Amino acid sequence: MHLGCIGDDFTGSSDLANTLAKGGMATVQYSGVPSAPAAEGVEAGVVALKSRTIPVADAVAQSLAALDWLRAQGCSQIFFKICSTFDSTPEGNIGPVADALLDALDIETPAIVCPAFPATGRTVFHGHLFVGDRLLSASGMENHPLTPMTDPDIRRWLSHQTRHPVGHLPAATVWEGAEAVAAALAAEGAAGRRLVVADAIRDEDLVILGRAAGTTGLLVGGSGLGLGLPANFRAGAPATAPAWQGIEGPVALLSGSCSRATNGQVAHHAARHPALAVEADEVVAGRITAEEVTSFMLAHPNDLPLAYSSADPARVAAAQEAHGRETVAEAIEGLFADTARRLAAAGVTRIVTAGGETSGAVVEALDLTALEIGPEIDPGVPALRATGRPLTLALKSGNFGAVDFFEKAAAVLAGR
């Protein structure tokens, strides 16, 4: 294994695995830190963690455990995969984990930090993160229930979280090419700036950053930063992935994201297919159970049934005010996790989830150790197949996907 990746959630991990696989690397996504060595022939390993919103000390410990396993597999470069909207609080977890990885790797070269993903509208310019034509703080992410992003200046937001000065690679330097980027990184490192936020507004910019990074050191960013990495490791023709084989059978769609994109997808789908709204108040009070949600889904096995807790920001805020943010999050994640277990036991072969926390809870509940990467459904969202089990999945980040994503995902998971 050459490239070792640590994802802070499951949807982002599949997003990066998709990017690397499309670039020709033989890639496997692991659910948590594996207990056994990687299979022969794996060139890039993505260890998916559910560490984005857990306590800082836990996030650091889990990430270092993943690092130890990846280095034992022979990885020369480490990629800390974060969300393309830099989801974090002023305390972390991005900065503390990046600091810990830098310390453990004991390297002098600064880490490039770049969450940009132009294919989904995420760009970084003058150190500020944009979603489409809006600054991050006016994109809807300012209302995120767990990690409200109220400052689009990634340099400033990261500075709250790290003990190191934060540097910057402006777009003008990136456009000069990989050699100019490498020289600028060396200068930033000499000035004591070990984390350097890089501008990127085009895929070409991300390829330049990837080439400048070479095959060693640490990268921190969204999946787009992986665009230029496969060519660094490729000694010949790209690896040939096995033909995708979907699985026909019952399907279930579970959405726990409150993003604008997902709310639009839920509204579109609910107007055409059976849909069950899962209210936070009802879940916390125990008035709706996993058994009831499962019964609803199994009653419509061929009609693309959807269960969703997605809601507008005001309703989410009201529920959090009444019950507490962590209580609401744990209740909903627990409901969907238990529902997924019951659905799989009942023979459901296709599961689609929306939302990073929901997706992580579902994958952990299903006890999936490794996931094979299939075709891309929408930018950043590949089809996945559980190793050794008759189960396919799609794990969608809240802000990703077209309005008809759920219908497309169900079709691709079936091999259509």
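Structure first, text after, so check above.
On to the pattern of salt bridges. Under the definition given, this model contains 21 salt bridges. Its salt-bridge partner being Asp-151, residue Arg-156 comes within 2.6 Å of it at the nearest N-O pair. We classify Arg-156 as partly exposed; its relative accessible area is 44%. Where Arg-342 meets Asp-338, a salt bridge forms, and the shortest distance between an N and an O atom there is 3.4 Å. On the criterion of helical spacing, the pair formed by Arg-342 and Asp-338 is a turn pair, its members being four residues apart in helix H13 (residues 325-345). According to the relative accessible area criterion, Arg-342 is partly exposed, its value standing at 36%. Taken together, the shared-partner salt bridges connect Asp-8, Asp-9, Arg-52 and Asp-87 into one network.

On to helix H6 (residues 178-190), then. Taking 1.5 Å as the rise per residue, H6 with 13 residues should run 18 Å; its terminal C-alpha atoms sit 18 Å apart, in good agreement. Among the residues of H6, those classed as buried are Ala-180, Val-181, Ala-184, Leu-185 and Glu-188. Projected down its long axis, H6 carries its buried residues within an arc of 135°, all on one side. Away from the buried face of H6 by more than 90 degrees, exposed residues Glu-179 and Ala-190 are located. Elements in contact with the buried residues of H6: strand E5 (111-114), strand E9 (166-169), helix H5 (171-174), strand E10 (195-198) and helix H7 (203-213).

Packed helix pairs are specified by the crossing angle of their axes together with the interaxial distance, meaning the distance between the axes. H13 packs onto helix H11 (residues 290-298) with a crossing angle of 50° between their chain directions and a minimal axis gap of 9 Å. With respect to each other, H11 and H13 are oriented oblique. Seen along the crossing, H11 lies across H13 with a hand that is right-handed. Here H11 contributes Ala-290, Glu-291, Val-293, Thr-294, Met-297 and Leu-298 to the contact with H13, which in turn contributes Leu-335, Asp-338, Thr-339, Arg-342 and Leu-343. A breakdown of the residues in the contact of H11 with H13 according to their chemical character gives six nonpolar, two polar and three charged.

Let's shift gears to the nonpolar core. Membership of the largest hydrophobic core comes to 104 residues, with the highest contact counts inside it found for Leu-3, Phe-86, Ile-112, Cys-114, Leu-209, Leu-218 and Val-220. The dominant element in this core, judged by the number of residues it contributes, is helix H3 (residues 94-105), at seven residues. One finds Phe-117, Leu-306, Tyr-308 and Ile-377 within the second-largest nonpolar core, a separate group that totals 20 residues.

Turning our eyes to something else, we now look at the environment of Thr-173. Structurally, Thr-173 can be placed in helix H5. The sequence separation of Thr-173 and Asp-199 amounts to 26 residues, and the corresponding C-alpha distance is 9.0 Å. Not counting the four nearest positions on each side in its chain, Thr-173 is found in contact with Ala-180, Val-181 and Ala-184.

Let us now look at unusual backbone geometry. Residue Gly-92 is joined to Asn-93 through a cis peptide bond whose omega torsion reads 20°. Position of Asn-93 among the secondary structure elements: in the loop between strand E4 (77-81) and H3. If you check the backbone angles, Asp-106 has positive phi at about 55° while not being a glycine. Take Asp-106: it is sitting in the loop between H3 and E5. At Asp-367, a position not held by glycine, the phi torsion is positive, near 55°.

Most of helix H14 (residues 356-366) sits out of view: 10 of its 11 residues are buried. If you check which residues of H14 are buried, you get Gly-356, Glu-357, Thr-358, Ser-359, Gly-360, Ala-361, Val-362, Val-363, Ala-365 and Leu-366. Lining the buried residues of H14 we find helix H1 (10-22), strand E2 (27-31), strand E12 (251-255), H13, strand E15 (350-354) and strand E18 (392-396).

Following the sequence through the fold, Val-328 ends up in helix H13. In this structure, the C-alpha to C-alpha distance between Val-328 and Leu-276, residues 52 residues apart in sequence, is 18 Å. Not counting chain neighbours up to four residues away, the residues in contact with Val-328 comprise Ala-280, Val-284, Ala-319, Gln-320 and His-323.

What counts and what doesn't
- Residues numbered from 1 in each chain as written.
- Predicted model: local features only at pLDDT ≥ 70, side-chain atom pairs only at ≥ 80, totals over all residues.
- Heavy atoms only, no water.
- Salt bridge = Lys/Arg side-chain N within 4 Å of Asp/Glu carboxyl O.
- Buried < 20%, exposed > 50% of the residue type's maximum accessible area, 1.4 Å probe, protein only.
- Helix = DSSP H or I, 4+ residues; strand = E, 2+ residues; numbered from the N terminus.
- Expected span 1.5 Å × (residues − 1).
- Arc of directions from axis to C-beta.
- Contact = heavy atoms within 4.5 Å.
- Axes fitted to C-alpha atoms, helices over the stretch in contact; angles between N-to-C directions.
- Parallel < 35°, antiparallel > 145°, perpendicular 65-115°, else oblique.
- Left-handed = near helix turned anticlockwise from the far one by under 90°.
- Nonpolar A, V, L, I, M, F, W, Y, C, P; charged D, E, K, R; others polar.
- Core = buried A, V, L, I, M, F, W, Y, C linked by side-chain atoms within 4.5 Å.

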